[in-house]
2 protein chains.
Amino acid sequence: MQNFVFHNPTKILFGKGTIPAIGPETVAFGSKVLLVYGSGSIKRNGIYQQVSDSLRKSGAEIVEHPGVQSNPLLSHVREGIELAKTQKCQVVCAIGGGSVIDEAKAICAGAMVDHDVWKFFTGKKSITAPLPLTTVLTLAASGSEMNSGMVITNGETMQKFGFANKKLYPKTSILDPEATFTVPADYTAYGAVDTIAHVLEFYFTTQDPATPVQDRFMEGLIINAMESCDRVLADLRSYQGRADLMWTSTLALNGLTAAGLGKVGFPMHLIEHSLSALYNVPHGAGLSAIITGWMRHQSQDIPQRFAQFAERVFDFRSGSTKERAQKGIDALEAWFQKINSPTSLAALNIPDQDIQQIAENAVALARVWRMPDYDSERIQTILARC
Amino acid sequence: MQNFVFHNPTKILFGKGTIPAIGPETVAFGSKVLLVYGSGSIKRNGIYQQVSDSLRKSGAEIVEHPGVQSNPLLSHVREGIELAKTQKCQVVCAIGGGSVIDEAKAICAGAMVDHDVWKFFTGKKSITAPLPLTTVLTLAASGSEMNSGMVITNGETMQKFGFANKKLYPKTSILDPEATFTVPADYTAYGAVDTIAHVLEFYFTTQDPATPVQDRFMEGLIINAMESCDRVLADLRSYQGRADLMWTSTLALNGLTAAGLGKVGFPMHLIEHSLSALYNVPHGAGLSAIITGWMRHQSQDIPQRFAQFAERVFDFRSGSTKERAQKGIDALEAWFQKINSPTSLAALNIPDQDIQQIAENAVALARVWRMPDYDSERIQTILARC
């Protein structure tokens, strides 16, 4: 096990009926609140009303910043920052999934500095004292509600960049599984795939595979993501399934899985960010299209690790190491197909001749993320398997 | 899954060479430091020197409070509180295992109030603003380094009482596996047993067994506690084994296993606290003597849960539910025997005729912990199986 620091100060309020706590949790940091959200879905399902009622009851003055898109845009982040500055907001409250929470984090970071927020993403500036953030989660996927990272798309340069900073952990996140009851089947599935990808990234890129504590935890999360997703797809209003999927997705990227793994990569997200920047596909769908291609590429180097995955997650115990490794990947691919999640670029209508362009876009991010082993040739090789 | 709040703000610095960070981490809260520790072992193995050097280098003025015993005594806690008050200490730094950290927490709580600290333990007073605490862990067992609870023995009344408060999480805990290299085989084993007990308490007392995310996590921790303990007992200076055991013991009682389980009990600790208050046996050894007896008692009510434990932890897949439940308990007992940990009261030289007295002592704590289903008769029934 490698040395690590683990310090996750986010307070989680989990369960049904917890949304009315958002008011007190938010105004503890200030009464002028920038409320960040996406489209009208939270107005239709009543969550917007619950949150704004609770905020007002707690004495908050609300400044609205709606319209966050999936794959949130830098231009919209900049508008939010301008609003927070001119309205002198003291705290940001996000209602949504990963896109909304990510944009809210970027606004928190940018609202307290004079320079352009994109300099944080290109590594030219460091976070100092961001605005505090609270969240109400409406999609089980990104883990953003309990971590310090975010991803934003620069529409001018077509770059989808991300970074993390310990000062950007949400102060409080409210996780009410019932808030995800209206997520349709396809986005529920993509969320589960995103969760699984978060675990697999670290599981298969650690340079110190002697991490048995983390391994069991990660394997358990993958099993739970699949089982709870199955349960929800059978009944979109299954509280038990929604709760298990939500908590699994939060735990999958809150720092605990990576603690002790040493340097890990995020190669599937690296490539996918390029896909969704160029084609605006849902993040989980983009991941789904490349995960098993990347796994087949990666398993050539570390078949033993893939055999452990196959044994612990899918109970494949017979056959050679390579056979078991292969069977584990095949089983995951079959599960993606079962939940109607794409398993190839073709399934996303992305033509083969675009591979070079996708790879070159990804290489720019690989430089920022300091992943020099992901050059254009290697990324093209992986994409050719997808 | 039941509603829950999860909020664990302790910062963990894990790994070899991390002890010199204790100075800056501690003086961040004040330069007048009460240094709490036990016997001379930390002076012999150099840890005391490393900590005090780091504290002084960071500008700390150290007030010493040595002599903490295992099963720490209220009288010694009171001395520490008096010292902290008269010396106007601003922060407490504990070097040790669970006993030392528990006593340090009680000192933190008591140093800022005028009434006697025992009133916190009997539920007559609530924590307000305790002193901040940092720790350097030297024994993998209690989990106290990343939780908000403590247990103290009142030598006058022979009561071993505990409580938890969210204001008592350590600010920073340093976990250097090498600091546990000198822990002898018997206490290493008792630490592993304590860790396993922490997981089993919640696993088998949850009133909502629909907690698959937590279940996989808990099962993984038990497997890791056993595997890493085996590795350490084969080589007391195995870094890998010490690291896995240390991180497992911390995760076993930091709030994550219980999140979503609803009301859980702590019945084995309830009974053991009575044992170690009356006989001063090592906590882990006392637990070891009663765990499988309690499990056989408890499995009558929930055999399905015990069968899941047997299947997931020991890979027992055949036989009826009751047979698998029984085999799982037998396998755990066999492992305790393998690591030379006692599996009966007789092995601790505690005579059968003391059972009534032990039970009556435990009942007093059951009242404080609000566990009315543990009356004297039931506890005696369990003890008779031990």
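Going by the structure above, here's the rest.
What comes next is a walk through the structure. The shown structure was predicted, so the numbers you read here are calculated from the model rather than taken from an experiment.

**Things to note about the overall build of chain A**
Then comes step 1: The helix and strand tally for chain A stands at 15 helices and nine strands.
Then comes step 2: In summary, chain A has a C-alpha radius of gyration of 20 Å against a globular reference of 21 Å for 386 residues, a match within 12%.
Then comes step 3: Seen along its three principal axes, the alpha-carbon backbone of chain A occupies a region of about 65 × 45 × 45 Å.
Then comes step 4: Across the 386 residues that make up chain A, the buried fraction comes to 57%.
Then comes step 5: Restricting to contacts in chain A with at least 6 residues of sequence separation, those with at least 24 account for 78%.

**Describing the pairing of strand β5 (residues 91-96) of chain B**
All names here are of chain B.
Then comes step 1: For β5, the buried fraction is high: six of the six residues fall into the buried class.
Then comes step 2: Of the two faces of β5, the one carrying V91, C93 and I95 and the one carrying V92, A94 and G96 are both buried.
Then comes step 3: As paired strands, strand β3 (residues 32-36) and β5 are joined by four bridges and run parallel to one another. By the bridge assignment for β5, V36 is matched with A94.
Then comes step 4: Inspection of the sheet shows β5 paired to strand β6 (residues 133-137) by five bridges, in the parallel sense. Residue pairing across strands places V92 opposite L133, the latter belonging to β6.

**Concerning the sheet that holds β3 of chain B**
Then comes step 1: Across the sheet, which stays open at both edges, the seven strands sit in the order β1(A)-β2(B)-β9(B)-β6(B)-β5(B)-β3(B)-β4(B) with mixed pairing between neighbours. The open sheet terminates on both sides in strands that have one partner only, identified here as β1 (4-6) of chain A together with β4 (61-65) of chain B. With direction set aside, neighbouring strand axes in the sheet form an average angle of 20 degrees.
Then comes step 2: Judged from the four bridges that link them, strand β2 (residues 11-14) of chain B and strand β9 (residues 172-175) of chain B form a sheet pairing that is parallel. Residue I12 of chain B lies in a different strand from β9 of chain B, and its bridge partner there is S173 of chain B.

**Focus on the sheet that holds strand β9 (residues 172-175) of chain A**
Then comes step 1: The mixed open sheet is built from seven strands, whose spatial order is β4(A)-β3(A)-β5(A)-β6(A)-β9(A)-β2(A)-β1(B). The open sheet has two free edges, formed respectively by β4 (61-65) of chain A together with β1 (4-6) of chain B, since each of these has just one partner strand. Each neighbouring strand pair of the sheet contributes to a mean axis angle of 20 degrees, computed without reference to strand direction.
Then comes step 2: Bridging between strand β2 (residues 11-14) of chain A and β1 of chain B involves three bridges; their strand directions are antiparallel. Across the sheet, residue L13 of chain A finds its bridge partner in β1 of chain B, namely V5 of chain B.
Then comes step 3: Across the sheet, helix α3 (residues 47-57) of chain A lies against β3 (32-36), β4, β5 (91-96) and β6 (133-137) of chain A, angled at about 160 degrees from β5 of chain A, the strand it touches most.
Then comes step 4: Across the sheet, helix α4 (residues 74-86) of chain A lies against β3 and β4 of chain A, angled at about 165 degrees from β3 of chain A, the strand it touches most.

**Quick notes on the packing of α4 of chain A against helix α5 (residues 98-110) of chain A**
All names here are of chain A.
Then comes step 1: Relative orientation of the contacting elements α4 and α5 amounts to 50 degrees, with a least axis distance of 9 Å. Regarding the angle of α4 to α5, the classification is oblique. The two elements α4 and α5 cross, and the hand of that crossing is right-handed. Here H76, V77, G80, I81 and A84 of α4 come into contact with α5, specifically with E103, A106, I107 and G110.
Then comes step 2: Tallied by class, the residues present in the contact of α4 with α5 amount to five nonpolar, three polar and one charged.

**Re the interface of chain B and chain A**
Then comes step 1: Taken together, the contact between chain B and chain A spans 30 residues of the former and 30 residues of the latter.
Then comes step 2: Listed by contribution, the elements that provide at least two residues to the side of chain B that touches chain A are β1, β2, α8 (212-234) and α9 (239-251) of chain B.
Then comes step 3: Considering each element in turn, the side of chain B that touches chain A owes the most residues, eight residues, to α8 of chain B.
Then comes step 4: Across the side of chain B that touches chain A, the residue classes break down as 15 nonpolar, 10 polar and five charged.

Definitions and cut-offs
- Residues numbered from 1 in each chain as written.
- Chains lettered and ligands numbered in written order.
- Predicted model: local features only at pLDDT ≥ 70, side-chain atom pairs only at ≥ 80, totals over all residues.
- Helix = DSSP H or I, 4+ residues; strand = E, 2+ residues; numbered from the N terminus.
- Rg over C-alpha atoms; globule rule 2.2 N^0.38 Å.
- Buried ≥ 20, exposed ≤ 12 C-beta atoms within 10 Å, placed from the backbone.
- Contact = placed C-beta atoms within 7 Å.
- Pairing = 2+ DSSP bridges.
- Axes fitted to C-alpha atoms, helices over the stretch in contact; angles between N-to-C directions.
- Parallel < 35°, antiparallel > 145°, perpendicular 65-115°, else oblique.
- Left-handed = near helix turned anticlockwise from the far one by under 90°.
- Nonpolar A, V, L, I, M, F, W, Y, C, P; charged D, E, K, R; others polar.

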